[in-house]
Amino acid sequence: MQRYFIDPGQIDGDAVVLLGEDARHLSAVMRARTGEPFIACDGSGRECLAEIVHIEAGRVEGRVVRTGPSESEMAWRVTVAQSLPKGDKLETVIQKGTECGAAAFLPFVSKRTVVQYDARKEAKRLDRWRKIAKEAAEQAHRGIVPEVEEVASWKALLAGFGRFDRVLLCYEEEGRRGAGLKPELEAFASRLSEETASSSQPRLLVVVGPEGGFDEEEARQAEAAGAVCVGLGRRILRTETAALVALAAIGYQSGEMGEARHV
């Protein structure tokens, strides 16, 4: 069943309307007809099942059959901070990371970032990244569209660590020493189970370096700012693979694979 993210104003009581590209996709590409169902999400985690009642150029009107919260989001809110990689690798991180459950993406520039940052070009790329996140969220039946923030400097990234309950810096040197992600996630889950009074969604930040990784100075700066350096195994992963491995591990630990959800 097709799923679309729309502005909350497009849902009014038991009426919902798709406009523009979404309407054209459902009517022209999917060749939907009156009476067929679709799902509309308001981007906040709530969704409605609707039935098409009218189709015209650039507009599809529907009748809401039922509404409810999305059940496809991770128990922990995970933001992926990704140092700008070469080529279109960030598009892969955003697309696949959205499928894996990431709630937000924060591109940044670090010491070994090869890409030359250009604010004018990045503004156009930011629009594309956000479109990729939206399309991937629809495909994966997400309840929200992950945020894609503007490119940050290394200094700005460090200054923002305080927004999160836990910051995990993926650092290959820790992997070589056998200091992995697992014990940190287990300790985090254990702490959450003790804080039963808290009703807020736990917020994690996963920080991934560029093709050349982080240097020792950056790792120490991150630790001083509150991060924990973790390894993702004894093998060296490509930069576009690291975040996906971390997301899979976090999903497993938080109960994504069928265990009790740690919230």
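Structural data are supplied above this passage.
Fair warning: this is a prediction, and the values are worked out from it, not measured in the lab. (Residues numbered from 1 in each chain as written. Predicted model: local features only at pLDDT ≥ 70, side-chain atom pairs only at ≥ 80, totals over all residues. Heavy atoms only, no water.)

(A) View of the overall build of the chain. Along the chain, the regular secondary structure elements total eight helices and 13 strands. The C-alpha radius of gyration of the chain comes to 20 Å, within 12% of the 18 Å expected for a compact globule of 263 residues. A principal-axis box enclosing the C-alpha atoms of the chain has dimensions of 60 × 45 × 30 Å. For the chain, restricting intrachain contacts to residue pairs at least 6 apart in sequence, the fraction spanning at least 24 positions comes to 73%. Here the chain displays about 13200 Å² of accessible surface, and carbon together with sulfur accounts for 49% of that area. Between the averaged position of the 36 positive side-chain charges in the chain and that of its 41 negative side-chain charges there is a distance of 4 Å. (Helix = DSSP H or I, 4+ residues; strand = E, 2+ residues; numbered from the N terminus. Rg over C-alpha atoms; globule rule 2.2 N^0.38 Å. Contact = heavy atoms within 4.5 Å. Areas by Shrake-Rupley, 256 points an atom, 1.4 Å probe, with all protein chains shown as cover. Lys, Arg positive; Asp, Glu negative; His and termini not counted. Charge placed at Lys NZ, Arg CZ, Asp CG, Glu CD.)

(B) Local environment of the pattern of salt bridges. One pass over the full model with this rule turns up 17 salt bridges. Across the pair Glu211 and Lys89 runs a salt bridge whose closest N-O atoms are separated by 3.4 Å. Here Glu211, found in the loop between β12 (203–208) and α7 (216–224), pairs with Lys89, found in helix α2 (residues 89–100); they are 122 residues apart in sequence, far enough to count as distant. With a closest N to O distance of 3.9 Å, Glu149 and Arg163 form a salt bridge. Placement of Glu149 in the loop between β9 (147–148) and β10 (152–153) and of Arg163 in the loop between α4 (154–159) and β11 (166–170) is noted, with a sequence separation of 14 residues between them. Classification of Arg163 as partly exposed rests on a relative accessible area of 45%. A network of salt bridges, in which partner residues are shared, links Asp22, Lys134 and Glu138. (Salt bridge = Lys/Arg side-chain N within 4 Å of Asp/Glu carboxyl O. Buried < 20%, exposed > 50% of the residue type's maximum accessible area, 1.4 Å probe, protein only.)

(C) Local environment of the sheet that holds strand β2 (residues 11–12). On the basis of which strands lie adjacent, the open sheet formed by six strands has the order β1-β4-β5-β6-β3-β2 and mixed pairing. Each of the sheet's edge strands pairs with one partner strand only, and the pair in question is β1 (3–5) and β2. As paired strands, β2 and strand β3 (residues 15–19) are joined by two bridges and run antiparallel to one another. Bridge assignment links Ile11 to a residue of β3, and that residue is Val16. Helix α1 (residues 20–29) rests against β1, β3, β4 (37–41), β5 (46–56) and β6 (59–69) of the sheet, and its axis sits at about 95° to β3. (Pairing = 2+ DSSP bridges. Axes fitted to C-alpha atoms, helices over the stretch in contact; angles between N-to-C directions.)

(D) Layout of the pairing of strand β7 (residues 77–83). When you tally the buried positions in β7, you get seven out of seven residues, the bulk of the element. Side chains of β7 alternate between two faces, with Arg77, Thr79, Ala81 and Ser83 and Val78, Val80 and Gln82 buried alike. Two elements, β7 and β12, share six bridges in a ladder whose sense is parallel. Across the sheet, residue Val80 finds its bridge partner in β12, namely Val206. Of the pairings in the sheet, the one linking β7 to strand β8 (residues 104–109) comprises five bridges and is parallel in character. Residue pairing across strands places Ser83 opposite Phe108, the latter belonging to β8. Running through α2, the crossover from β7 to the neighbouring parallel element β8 is right-handed. (Right-handed = clockwise from strand over helix to strand, strands pointing away.)

(E) Molecular detail of the packing of aromatic side chains. One pass over the full model with this rule turns up four aromatic pairs. Geometrically, the ring pair formed by Trp154 and Phe214 is tilted, given 5.6 Å between the ring centres and 40° between the ring planes. One end of the pair, Trp154, is in helix α4; the other, Phe214, is in the loop between β12 and α7, with 60 residues separating them in the sequence. Note on accessibility: Trp154 and Phe214 belong to one class, buried. Through successive ring pairs, a cluster of aromatic residues spans Phe108, Trp154 and Phe214. (Phe/Tyr/Trp six-rings, centres within 6.5 Å; stacked < 30°, edge-to-face > 60°.)

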